[in-house]
Amino acid sequence: MKDNTMNEPTDNVATNIEENAFSGQTVGTPLCDDAKMSMRNVNVFYDTKQAIHDVSLDIGKNEVVAMIGPSGCGKSTFLRCLNRMNDTIESCKVTGDIKLEELDIYHPKQDVVPLRARVGMVFQKPNPFPKSIYDNVAYGPRIHGLVNRKYDLDEIVESSLRRASLWDEVKDRLHSPGTGLSGGQQQRLCIARTIAVSPEVILMDEPCSALDPIATAKIEELIAELSQKFTIAIVTHSMQQAARVSHRTAYFHMGKLVEVNDTKRVFTNPEHELTEAYITGRFG
Amino acid sequence: MDKLHLEKHISHQFDVDLEELKSQALEMGGLVEQQIIDAVSAIEHGDSDIAERVIKVEDDIDLREVALDEACTNVLACRQPAASDLRLVLTVTKMTRDLERIGDEAHKIAKMALALHESADGLTGYEEARHMGALVQRMMQQVLDAFARFDVEKALDVAKADKQVDREYKSAMRELVTYMMEDPRSISRSMNILWTLRSLERIGDHARNIAEHVIFLVKGLDVRHSSIKEMERQLNKR
């Protein structure tokens, strides 16, 4: 798997910084006491190529953790391990422990469908189903059998759309196609669809990279609100976005987790020189 | 993060912008340092020409403060600097303010020099002014050097030197008060000397502030309102 955006000028960072500049020991505070998800010694391989090297990280309850790093550093790959999205890739092999509270999500008997209801995902490009706005949001609760009565379903659709700050804009056209909305609205619709099944963790893979600044600001506002109820892990190419929305920031470099620290610390006084080089836009 | 580089950004123009901020701040610092030397010399030698010059140059310093502030605002708005880049921009804005205030104090001293020049006669206190002037000028030189080289040790030396300036100020004040009590006719002139010493003491405080900004710039540590011991402890911890 590759990151979709390979045209970043930062591509060279990975190749220009010598590999031995990083010892392999993550600096900062990758672990926390109140972990919702905990990953230990995670390695990911695509055939023989190793994409993630021995990454250990906790994501705290109601915490927003941002993952940043140059293209190809493995941040998206790592995010996709958290709800077994990588299962769809034949050559992909994951080792190590990934737990959602006490649940070992890579246990051979673990079914991915209920797992993905607990760990939802929002993608880079808004991808509403070719259905009505209402059906987009109702889809999850229906297939997971969360409701029996139409009345309850209406309520879930409304509250999800409200929580995604989209209700006021679409309440009069719930039965028009979701694909007819603007890009920013579509992305909020996807977020509403994700939260309709009441997940515990939301993974966001560059949720704003296809959106304009206004729509981006709305999503960022939404992330702050959602963190009251959900745990959020977000991969972003915009460092300012990481700085604005997250509590902790994790910096990945060539498949290794270099530094995890409080976001304020990372953006004012990072501990590792590779983090410093990346966030200030320098070569190593 | 001990190693600070202004260069090596992917955007070359960003390198240029930051380098420009630093060199403009140093230039302003050099000008202010010369103002201190001139103002003290005007007091010491009762030279009204030098005093007039100090008063004139003060306008230039004010203009530089405004220009530097604008340059910092532009970098913040256009580049959204982070980490050491952000600390550099913040340091320059704070430092500019201190430099401008030092310029104000030098301006005050120059005015005292003019007043003393008009009523010149053998008066005590000049020696103290010369001595304290030399001390703060050295602090100024050191702190600019510390900023130019991102040198924390040197910045710490400046903070220590400020203690000495404070001590000198207190003892000179006691001496002048005794003098005024002995000869009330000298009060108005003694007061001028006293204000001069007070200005020099304030310059020492501003130089110490700049030294603290330099420590923040290099180490990311906010050591304001800390004692020297506390500063050393924090720096050793890193």
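For the structure itself, consult the block above.
Notes on the structure in this doc start here. This structure is a prediction, so every number in the text was calculated from the model and none was measured.

Moving on: the packing of aromatic side chains. Residue and element names in this part refer to chain A. Following the criterion strictly, the structure yields three aromatic pairs over all chains and no others. On the numbers, 5.2 Å between centres and 25 degrees between planes, the contact of Tyr251 with Tyr278 is stacked. Pair noted here: Tyr251 is in strand β10 (residues 248-253) and Tyr278 is in helix α11 (residues 273-279), with a separation of 27 residues, a long-range link. Looking at Tyr251, the relative accessible area reads 1%, which means it is buried. Residue Tyr278 is classed as buried on the basis of its relative accessible area of 2%.

Now for the pairing of strand β7 (residues 119-122) of chain A. All names here are of chain A. Neither face of β7 is left uncovered, since the one carrying Val119 and Met121 and the one carrying Gly120 and Val122 both have all their residues buried. One ladder, built from four bridges, connects β7 with strand β8 (residues 201-205); its direction is parallel. Bridging from a neighbouring strand, Gly120 pairs with Ile202 of β8.

With that out of the way, let us pick up the sheet that holds strand β5 (residues 92-100) of chain A. Residues and elements named next belong to chain A. Reading across from one edge, β3-β2-β5-β6 is the order of the four strands in this open sheet, with antiparallel pairing throughout. Strands at the two margins of the open sheet, each flanked by one partner only, are β3 (49-60) and β6 (103-104). Inspection of the sheet shows β5 paired to β6 by two bridges, in the antiparallel sense. Counted as the bridge partner of Leu100 is Leu103 from β6.

Moving on, we come to the sheet that holds strand β9 (residues 231-235) of chain A. Residue and element names in this part refer to chain A. With respect to topology, seven strands assemble into an open sheet ordered β1-β11-β10-β4-β9-β8-β7, the strand pairing being mixed. Both edges of this open sheet fall to β1 (27-28) and β7, since each of them pairs with a single strand only. Across four bridges, the pairing between strand β4 (residues 64-68) and β10 is parallel. Note that in β10 the partner of Ala66 across the bridge is Thr249. Lying over the sheet, helix α7 (residues 183-195) contacts β7 and β8, oriented at roughly 170 degrees with respect to β7.

About the thresholds
Residues numbered from 1 in each chain as written. Chains lettered and ligands numbered in written order. Predicted model: local features only at pLDDT ≥ 70, side-chain atom pairs only at ≥ 80, totals over all residues. Heavy atoms only, no water. Phe/Tyr/Trp six-rings, centres within 6.5 Å; stacked < 30°, edge-to-face > 60°. Helix = DSSP H or I, 4+ residues; strand = E, 2+ residues; numbered from the N terminus. Buried < 20%, exposed > 50% of the residue type's maximum accessible area, 1.4 Å probe, protein only. Pairing = 2+ DSSP bridges. Contact = heavy atoms within 4.5 Å. Axes fitted to C-alpha atoms, helices over the stretch in contact; angles between N-to-C directions.

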